[in-house]
Structures are given as C-alpha cells and as structure tokens.
Amino acid sequence: MIYAEFFKSEEKLTGFAVSGHAGYDDYGHDIVCASVSSAVQLTVNGITEIQKLDAAVAVEENLIKMTLSKKDAQKGQAFLEALLLHLNLLAEDYEGTIQVNLSEVYNNA
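Reading the values: the criteria
Residues numbered from 1 in each chain as written. Predicted model: local features only at pLDDT ≥ 70, side-chain atom pairs only at ≥ 80, totals over all residues. Heavy atoms only, no water. Helix = DSSP H or I, 4+ residues; strand = E, 2+ residues; numbered from the N terminus. Rg over C-alpha atoms; globule rule 2.2 N^0.38 Å. Buried < 20%, exposed > 50% of the residue type's maximum accessible area, 1.4 Å probe, protein only. Contact = heavy atoms within 4.5 Å. Areas by Shrake-Rupley, 256 points an atom, 1.4 Å probe, with all protein chains shown as cover. Lys, Arg positive; Asp, Glu negative; His and termini not counted. Charge placed at Lys NZ, Arg CZ, Asp CG, Glu CD. Phe/Tyr/Trp six-rings, centres within 6.5 Å; stacked < 30°, edge-to-face > 60°.

### Focus: the overall build of the protein
Moving on, step 1. Each helix and strand in the protein was counted, giving 2 helices and 5 strands.
Moving on, step 2. Written out in order from the N terminus, the α and β elements of the protein read β-β-α-β-β-α-β.
Moving on, step 3. At 14 Å, the protein has a C-alpha radius of gyration in line with the 13 Å of a compact globule built from 109 residues.
Moving on, step 4. Dimensions of the protein along its principal axes, counting C-alpha atoms only, are 40 × 25 × 20 Å.
Moving on, step 5. With 109 residues in all, the protein has 38% of them scored as buried.
Moving on, step 6. Sequence separation of at least 24 residues holds for 59% of the intrachain contacts in the protein that already meet a minimum separation of 6.
Moving on, step 7. Carbon and sulfur atoms make up 51% of the accessible area of the protein, which amounts to about 6500 Å² in all.
Moving on, step 8. Charged side chains of the protein number 7 positive and 16 negative; the gap between the two group centres comes to 16 Å.

### Considering the environment of cysteine 33
Moving on, step 1. Within the secondary structure layout, cysteine 33 lies in helix α1 (residues 31-50).
Moving on, step 2. Given a relative accessible area of 17%, cysteine 33 falls into the buried group.
Moving on, step 3. Separated by 32 residues in sequence, cysteine 33 and methionine 1 place their C-alpha atoms 9.6 Å apart.

### A word on the packing of aromatic side chains
Centre distance and the angle of the planes are the two values used to describe a pair of aromatic rings.
Moving on, step 1. Scanning the entire structure with this criterion turns up 2 aromatic pairs.
Moving on, step 2. Seen from their ring centres, phenylalanine 6 and phenylalanine 16 are 6.0 Å apart, and the 40 degrees between their planes marks the pair as tilted. Residue phenylalanine 6 is located in strand β1 (residues 2-9), and its partner phenylalanine 16 is located in strand β2 (residues 12-20); the two are separated by 10 residues in the primary sequence. One exposure class covers both phenylalanine 6 and phenylalanine 16, and it is buried.
Moving on, step 3. Between tyrosine 24 and tyrosine 94, the aromatic rings sit 5.0 Å apart at their centres with planes inclined by 80 degrees, giving edge-to-face as the arrangement. In this pair, tyrosine 24 sits in the loop between β2 and α1 while tyrosine 94 sits in the loop between α2 (77-93) and β5 (98-104), placing the two residues 70 residues apart along the sequence.
Moving on, step 4. Of the residues examined, tyrosine 94 reaches a relative accessible area of 22% and is grouped as partly exposed.

In structure tokens:
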C-alpha cells in the first residue's frame, strides 16, 4: 500500500509525505506506483524548479517528503491540491493500493 499524508495549516496545504508500494503488479510493471511517482515528481519540480518556492524536500529509500515554508504555502496550493486530487482519484480507481490522509499541523516557520 502507498501511504500519502498531506499536511495542512491554517486551511492551506503545506506539504506531503508519500511512502510504500502499491502492490498492484510486479516491480517495474506497477502502473499505480508509476502514476504516483510521476505525480509526486511533477509536484516537487513544479514547486521548487518552476515556482522557485522555499520547500524542504527529503528523499529516502521508499519515502519522499516535501514541506513548504509558511510564507510560500499559498503560492504552492495549486500543485498540492492537484496532487491530493490525483492521489484520491487513483485510490478510488485502484482500491486497496493507496491510502490518503490529511493532518493538521501547526507551522510557525
């Protein structure tokens, strides 16, 4: 299962963490994993490379986490909302492969 946790502060999405494997098909043939990976890369690159926003990005084995600074949270909303929508739609289409959660965080940065 892929676990996607979105962070929200003061009614704005401020980041996300995605980990796990969908288990929909064998490694290298899993279209759910490929879809999630591509969407996450697009989101991070759009925010950091296109919008040039201040975001902390951590990539580890089987985990990617991105958090926007409080001052840039509003500017990154479109990308974050699009990723949240995309992952929720994939979770509906491929039941049992993705779990999406939304957590309230208190960001003073």
